[in-house]
Amino acid sequence: QVRLVESGGGLVQPGGSLRLSCAASGFTFSGYAMSWYRQAPGKERELVATITSAGGSTNYAASVKGRFTISRDNAKNTMYLQMNSLKPEDTAVYYCYVPIVLRNYWGQGTQVTVSS
């Protein structure tokens, strides 16, 4: 079955960096666009970034553009989110997401906390 497992979250000071990973299995990874979402306490889940199946095109939320970079390694069935210049407002649970044949699949999430 489809499985998405995020890792790499943690506590970081403002201005710091983290790299999130999403290990995928159970489907043809290279055939699907994928996304990172995040959800902060008391807020709705929001789209952070999307990458096409071959990685040739990416899109970002305005709030992270220029600071975050989404990428993927189709040989390793893994998607990444490099987060630089982190701000306290980036604090959230980060999820990887893939829609497959009218079904939506989510990972369990990884907590990112930006605080001094």
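Thresholds applied
- Residues numbered from 1 in each chain as written.
- Predicted model: local features only at pLDDT ≥ 70, side-chain atom pairs only at ≥ 80, totals over all residues.
- Heavy atoms only, no water.
- Helix = DSSP H or I, 4+ residues; strand = E, 2+ residues; numbered from the N terminus.
- Rg over C-alpha atoms; globule rule 2.2 N^0.38 Å.
- Contact = heavy atoms within 4.5 Å.
- Areas by Shrake-Rupley, 256 points an atom, 1.4 Å probe, with all protein chains shown as cover.
- Core = buried A, V, L, I, M, F, W, Y, C linked by side-chain atoms within 4.5 Å.
- Buried < 20%, exposed > 50% of the residue type's maximum accessible area, 1.4 Å probe, protein only.
- Pairing = 2+ DSSP bridges.
- Axes fitted to C-alpha atoms, helices over the stretch in contact; angles between N-to-C directions.

Examining the overall build of the chain
The number of helices and strands found in the chain is zero helices and eleven strands. Each helix and strand of the chain, placed in order from N terminus to C terminus, yields the pattern β-β-β-β-β-β-β-β-β-β-β. Relative to the compact-globule value of 13 Å for 116 residues, the chain shows a C-alpha radius of gyration of 13 Å, a close match. Of the contacts formed within the chain by residues at least 6 apart in sequence, a portion of 52% connects residues at least 24 apart. Here the chain has roughly 6,200 Å² of accessible surface; of this, 47% comes from carbon and sulfur atoms.

So, the environment of Met34
Looking at the element boundaries, Met34 is found in strand β4 (residues 34-39). The spacing of Met34 and Thr78 is 44 residues in sequence and 10 Å in space, taken between C-alpha atoms. For Met34, the contacting residues outside a window of four places in its chain are Leu4, Cys22, Phe27, Phe29, Ala49, Thr50, Ile51, Ile70, Arg72, Met79, Tyr97 and Val98.

Considering the nonpolar core
Ranked by size, the top nonpolar core spans 30 residues in total, and within it Leu4, Trp36, Met79, Leu81, Met83 and Tyr94 carry the most contacts. Those elements that place two or more of their residues in this core are β3 (18-25), β4, β5 (46-51), β7 (68-73), β8 (78-83), β9 (92-100) and β11 (110-114). The dominant element in this core, judged by the number of residues it contributes, is β9, at five residues. The residues contacting Tyr94, other than those within four sequence positions of it, are Glu6, Leu20, Trp36, Tyr37, Arg38, Val48, Phe68, Leu81, Met83, Gly109, Thr110 and Val112.

Concerning unusual backbone geometry
Here Asn77, not a glycine, exhibits a phi torsion of approximately 50 degrees, which is positive. Following the sequence through the fold, Asn77 ends up in the loop between β7 and β8. In this structure, Val101 is a non-glycine residue whose phi angle is positive, near 50 degrees. You can see Val101 is positioned in the loop between β9 and β10 (103-106). Under the relative-accessibility criterion, Val101 is labelled exposed at 67%.

Structural notes on the sheet that holds strand β1 (residues 3-7)
Pairing in this open sheet of four strands is antiparallel, and the strands run β1-β3-β8-β7 from one edge to the other. Lying at the two open borders of the sheet, with one neighbouring strand each, are β1 and β7. Strand-to-strand twist in this sheet, taken as the mean axis angle between neighbours without regard to direction, amounts to 15 degrees. For β3 and β8, the ladder comprises six bridges, and the chain directions are antiparallel. Its bridge partner being in β8, Ser21 is matched across the sheet by Tyr80.

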